[in-house]
Each structure stands twice: as structure tokens, then as C-alpha cells.
Amino acid sequence: MIESLQNEQVKYVVSLQRRKAREEANLFVIEGWRFVEEGVLRNAPIKKVYVCLEREPLEWRPLLNKLRERGIPFEEVDERVLRKMSATEEPQGILAVVRQKNYSWSDLHINPETVMLIVDGVQDPGNLGTILRTALASGVQYVCLTQGTVDLYNPKVLRSTMGAIFSLVLIPGRQPEEILEFCRKQRLSVFMGDIEGVPVYQTKLSAGPLALVVGNEGKGPSQAFREADIQRITIPMAQDVESLNVAMATGILLYEIVRQRGFL
């Protein structure tokens, strides 16, 4: 059991709460019983699990068996150490260090049914996490994120994904021009969520590979997407409401795509 706050493993996990350290180590930290269980279930590349059995001993045995089956190392820590390692005020009693998966354009295998999501400049961690969870639920497999979007491995983003991050092919830190060039080469029809667009329910979204762009909470999509020759779509709204939360809007747009394509 680790009981010292000066333990080198403790210091290392604490360092991973900083973006620079995460990027250098190509690692990130997940917390909570459900999140760690999701990681194991979805075959996440977990390097090590740390658990405080003082907190939830009854939760441990089923997960312990799964960790042993997959050969994932684990170590017990006391409550002070867990609190030191954690990014939450009330840690649940378990966290894990996970390797980041680095995908490239060659990992995106486009076919006529592909729906790719492009997240452009979304800043709120909760919004990005919810968008990723919604994307997975609606059948999206590929998500590109532009530079300027909140860090994919921010603890608040991770918690909001509720494990969806382990099942998506994610391409972060790209320039809009690079994404548009990929879409052009792969013959994806690109649609952009915008308040000045054509109502989504009047737009044909059922044919061929498709990419959907959703933009920053306040400014919307960046200028590069606005200047591109792509179709703008919008969600009709009543009562003089001007716009919706970007995560909510993304969900509505994605599920209209799903409805038209008959995926679910």
C-alpha cells in the first residue's frame, strides 16, 4: 500500500493533471468506479489502477477480477494519497492512468455510411464531453477537433464523456483547412451548423459519407469553415429563441442525420 504523499508514483500521477505533462507522457488520468469499469469494458489501454479500499470495498472484487484477466497492474493507496492524486474534491476511491491513443488520417476508413463529426473551437469541457458521448450514442465513429478546442484530456471533459472517449477515433489539434482537404479527398459532403442555415428538417442528409461541423459556443464555426463551399443547416426555433447550447444542438443535428439514414 502507498501511504506517503512523497511517493514517486503519487507525484507522477499528480503531474498528469497538467496538460503539458499529459502531452509529454502521452497519458491521462480517469477517476471513479464507473469510469474505470467503462475503460476495462471498452479495452482502454490502462497502464495502472490505484484504489482506496476504505471507500468502496464492495465495488472492488468484480473489477479486480477483470483487471487480473486483462493483466492490468493495480495498487492500493490510503485515502490521503488518493485525495492528493485526484482532480475531484470528493474522489470515489479509484483512479487509473491510461495511455492516449494517437490516431492519424489513415485510421479513418470512409464508406458511404460514414458520419464524421468536426468540433471547431468548443471551449467548455462539459460541452465537449457531452458532444463526444452523444456522438458515440448516435453511431458516429470519427471525430476531428480543431486547434483551439478545449483539451480532449481535461479532467472535466473526460468525466462528461462517461467513457465514450474509449470507443471513438479522435483526431485532435487539426487546422480547419487540413480537415476540409481530407473531406474533399474522401468525397465527404460537409454540413455546418449555423443560425443562418437551411432548416435541417428540409435538408437531405441520407446519401453518401457526411461530415458535420459544430462550432464555438459564442462565435460559431471559424472563418475557414464559413468561407468554404459547404452547406449550412440550422435548427428551427420558436419563441424568438436565437440559439441552443452547442452540445444540445449537436445532438439534435446528429439524430436527424440518424433518422434520415435509418441507422437506429
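Look up a bit, the structure's there.
Residues numbered from 1 in each chain as written. Predicted model: local features only at pLDDT ≥ 70, side-chain atom pairs only at ≥ 80, totals over all residues. Heavy atoms only, no water.

Chemist: Before we move on, can you summarise the pattern of salt bridges with the specific residues and values?
Modeler: Tallied over the full model, the rule gives 15 salt bridges. Of the charged contacts, one joins aspartate 151 and arginine 22 as a salt bridge, the two residues approaching to 2.5 Å between their closest N and O atoms. Placement of aspartate 151 in the loop between strand S6 (142-146) and helix H7 (155-161) and of arginine 22 in helix H2 (residues 19-25) is noted, with a sequence separation of 129 residues between them. You can call arginine 22 buried: its relative accessible area is 4%. One network of salt bridges, with partners in common, ties together Arg19, Arg22, Glu23 and Asp151. (Salt bridge = Lys/Arg side-chain N within 4 Å of Asp/Glu carboxyl O. Helix = DSSP H or I, 4+ residues; strand = E, 2+ residues; numbered from the N terminus. Buried < 20%, exposed > 50% of the residue type's maximum accessible area, 1.4 Å probe, protein only.)

Chemist: Kindly report on the nonpolar core, identifying the contributing residues and their values.
Modeler: Formed by 52 residues in total, the largest nonpolar core has its most connected members in Val49, Trp60, Leu117, Val119, Val143 and Leu212. Sorting elements by how many residues they give to this core places helix H10 (residues 246-261) first, with six residues. Beyond its immediate chain neighbours, meaning those up to four positions away, leucine 117 contacts Ile131, Ala135, Val140, Tyr142, Val143, Cys144, Leu212, Val214 and Thr250. The next biggest cluster of nonpolar side chains, apart from the first, holds 19 residues, and it includes Trp105, Leu108, Leu188 and Met192. (Core = buried A, V, L, I, M, F, W, Y, C linked by side-chain atoms within 4.5 Å. Contact = heavy atoms within 4.5 Å.)

Chemist: Go over helix H6 (residues 125-137) with me, naming the residues and quoting the values.
Modeler: With 13 residues, H6 ought to run about 18 Å at 1.5 Å a step, and its terminal C-alpha atoms sit 19 Å apart, in line with that. Where H6 is concerned, the buried positions are Pro125, Asn127, Leu128, Gly129, Ile131, Leu132, Thr134 and Ala135. Lining the buried residues of H6 we find strand S5 (115-120), S6, H7, strand S7 (169-174) and H10. Two to three positions downstream of the cap, the backbone nitrogen of glycine 126 sits 3.0 Å from a side-chain oxygen, assigning the N-cap of H6 to aspartate 124. Where H6 ends, the next residue or the one after it, glycine 139, has phi of about 100 degrees, a positive value. (Expected span 1.5 Å × (residues − 1). Polar contact = N/O pair within 3.5 Å; in protein donor to acceptor, adjacent residues only side chain to side chain.)

Chemist: Outline the environment of phenylalanine 28, listing residues and values.
Modeler: Mapped onto the elements, phenylalanine 28 comes out in strand S1 (residues 27-31). Excluding residues within four positions of it along the chain, phenylalanine 28 makes contact with Arg22, Ala96, Val97, Val98, Arg99, Gln100, Tyr153, Leu158 and Phe166.

Chemist: Account for the environment of alanine 96, naming residues and giving values.
Modeler: One can find alanine 96 in strand S4 (residues 94-99). In the structure, alanine 96 is positioned 45 residues away from valine 51 in sequence and 8.6 Å away in space, judged by C-alpha atoms. The contacts of alanine 96, once residues within four sequence positions are left out, are Phe28, Val29, Ile30, Val36, Ile46, Lys48 and Val49.

Chemist: Give me the layout of surface pockets: which residues, what numbers.
Modeler: In this structure, the largest pocket encloses a volume near 440 Å³. Along the walls of the largest pocket sit 23 residues, with Gly193, Asp194, Ile195, Ser243 and Leu244 positioned nearest its centre. Those elements that provide at least two residues to the lining of the largest pocket are strand S8 (189-199), strand S9 (210-215), strand S10 (231-234) and H10. For the lining of the largest pocket, the residue count by class is eleven nonpolar, eight polar and four charged. The space that makes up the second largest pocket amounts to roughly 310 Å³. As for the second largest pocket, its lining consists of 19 residues, of which Arg19, Glu23, Asp151, Leu152 and Pro172 are closest to the centre. Of all the elements in the fold, those that place two or more residues in the lining of the second largest pocket are H2, S6 and S7. When residues in the lining of the second largest pocket are grouped by element, the largest group, three residues, is from H2. (1 Å grid on protein atoms, 1.4 Å probe; cavity = no way out; pocket = protein on both sides within 12 Å on 5 of 7 lines; lining within 4 Å. Points joined across faces, edges and corners; volume = space filled by probe spheres on them. Nonpolar A, V, L, I, M, F, W, Y, C, P; charged D, E, K, R; others polar.)

Chemist: Provide a residue-level description of the side chain of threonine 134, including the pertinent values.
Modeler: Tracing the sequence through the fold places threonine 134 in helix H6. Separated by 2.8 Å, the side chain of threonine 134 and the backbone oxygen of threonine 130 make a polar contact. What threonine 134 contacts, discounting residues up to four positions off in sequence, is Gly251 and Tyr255.

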